[in-house]
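# Reading the structure
The lines below spell out each chain.
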Amino acid sequence: MIEFIDTHCHLDGKEFDDDREEVMQRAREAGCKAIFLPAIDLPSSERILQLCQQHPDFLFPMVGLHPEEVHADWQQQIINLKSQFSNLKSIVAIGEVGLDFYWSREFEQEQLLAFEEQVKWSVETRLPLMIHCRKAQNEMVHILKRYAHELPGGVFHCFTGNEKEAAELLQFDSFVLGIGGVSTFKKSHLPDVLPAVVPLDRIVLETDAPYMAPVPHRGKRNEPAFIVNVLQRLAEAYGVTPEEVSHRTNATVMRVFRQ
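What comes next concerns the included structure. Positions within a chain are numbered from 1, following the residues in the order the chain's sequence is written. At least 70 in pLDDT is required for a residue's local features to be given in this predicted model, at least 80 for side-chain atom pairs to be given and counted, and no such filter applies to totals for whole chains, interfaces and linings, which use all residues. To obtain the side-chain values, all non-hydrogen atoms of the structure were included, while hydrogens and water were left out.

On to the sheet that holds strand E3 (residues 59–63). The strands that make up a sheet are held in pairs by hydrogen bonds between backbone atoms, and each pair lies either parallel or antiparallel. Pairing between strands is defined by DSSP: at least two bridges between the two strands are required. Every helix listed is a DSSP run of H or I at least four residues long, and every strand listed is a run of E at least two residues long, numbered separately from the N terminus. Here eight strands make up an open sheet; going across it, the order is E1-E2-E3-E4-E5-E6-E7-E8 and the pairing parallel. What marks the edges here is a single partner per strand, and that holds for strand E1 (4–6) and strand E8 (203–205). Each strand axis lies, on average, 30 degrees off the axis of its neighbour in the sheet, ignoring direction. Direction of pairing for strand E7 (residues 175–179) relative to E8: parallel, over a ladder of three bridges. The residue of E8 that forms the bridge with Gly178 is Val204. The axes are straight lines fitted to the C-alpha atoms, using for helices just the contacting stretch, and the angles between their N-to-C directions are given from 0 to 180°.

On to helix H5 (residues 137–146). Side chains three or four residues apart in an α-helix point the same way, a direct result of the helix having 3.6 residues per turn. Think of it in three bands: with a 1.4 Å probe and only protein chains considered, a residue is buried below 20% of the maximum accessible area for its type, exposed above 50%, and partly exposed in between. Among the residues of H5, those classed as buried are Gln137, Met140, Val141, Ile143 and Leu144. An end-on view of H5 places all buried positions within 165 degrees of arc, on one side of the element. Only heavy atoms enter the contact rule, under which two residues are in contact if any of them lie within 4.5 Å. Those residues of H5 that are buried lie in contact with strand E4 (93–100), helix H4 (108–125), strand E5 (129–134), strand E6 (154–156) and helix H6 (163–170). It is the directions from the helix axis to the C-beta atoms whose arc is reported.

Our focus in this paragraph is the pairing of E3. By the criterion of burial, E3 is predominantly enclosed, with five of the five residues buried. Because side chains alternate across E3, one face comprises the buried residues Leu59, Pro61 and Val63, and the other comprises Phe60 and Met62, equally buried. Note that strand E2 (residues 32–37) and E3 share three bridges and pair parallel. What sits directly across from Phe36, in E3, is Phe60.

Peptide bonds are trans in most cases, and residues, glycine excluded, mostly fall at negative phi. At the junction of Gly95 and Glu96, the peptide bond is cis and its omega measures out at 15 degrees in the coordinates. Cis peptide bonds are those with omega within 30 degrees of zero, and the linkage from Ala209 to Pro210 qualifies with 15 degrees. By the element assignment, Pro210 lies in the loop between E8 and helix H8 (227–238). For Lys135, which is not glycine, the phi dihedral falls at a positive 55 degrees. Located in the positive-phi region is Met212, a residue other than glycine, with phi close to 55 degrees. The residue Met212 is located in the loop between E8 and H8 in this model.

Written as structure tokens, this is what we have:
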């Protein structure tokens, strides 16, 4: 059986309250051997840590403040989240953190400050970053360059960009791109962009479940078992077997997350 790792799944979300155990069972049956859970704020980090304690060999937690959750009180939120580092042995990354100016720039300065503070956490703890970025790549790259030689690495989550944007992100040697369901969409340019400029060992697989389910599940609730469809599409794009994609992406996860 092909084995894979879902490096980004919001399994703590209410969308899974009715069948979370069944979702995990379907994931295992499909070949999923681990699921990484990103936090977006303090309540989600607490839920995630509890879930991961219940399934310590299958679920792995991240801690971070999502840019869309950054408001005027961001400093207090950051202080509260940092208290979760008492669980440092189980935490696999700082995330989901980053910048998002897609809907609004109301808290632009707060987002920039919160992101930089959490980048510093990564440097201090040696935990990789799980980075969310929408309509803010220039600002994100500007901040990361200040710490480029100190950062342990991480993932640029949900990459959907072009060849130039991919190349700009890959200048950070210890970072990789998170690829999910968008790669299977009919109008997606990722099957052309990725083989052109992104080595297969600079990719990890993710769902971002319950969002962005791949074809043929598009429009439905996403779940880790569906990564099989992403894996198949990447194999076609790179001209290799699904087993090769599985082997290479799993090795990359081990390298980036030190698992």
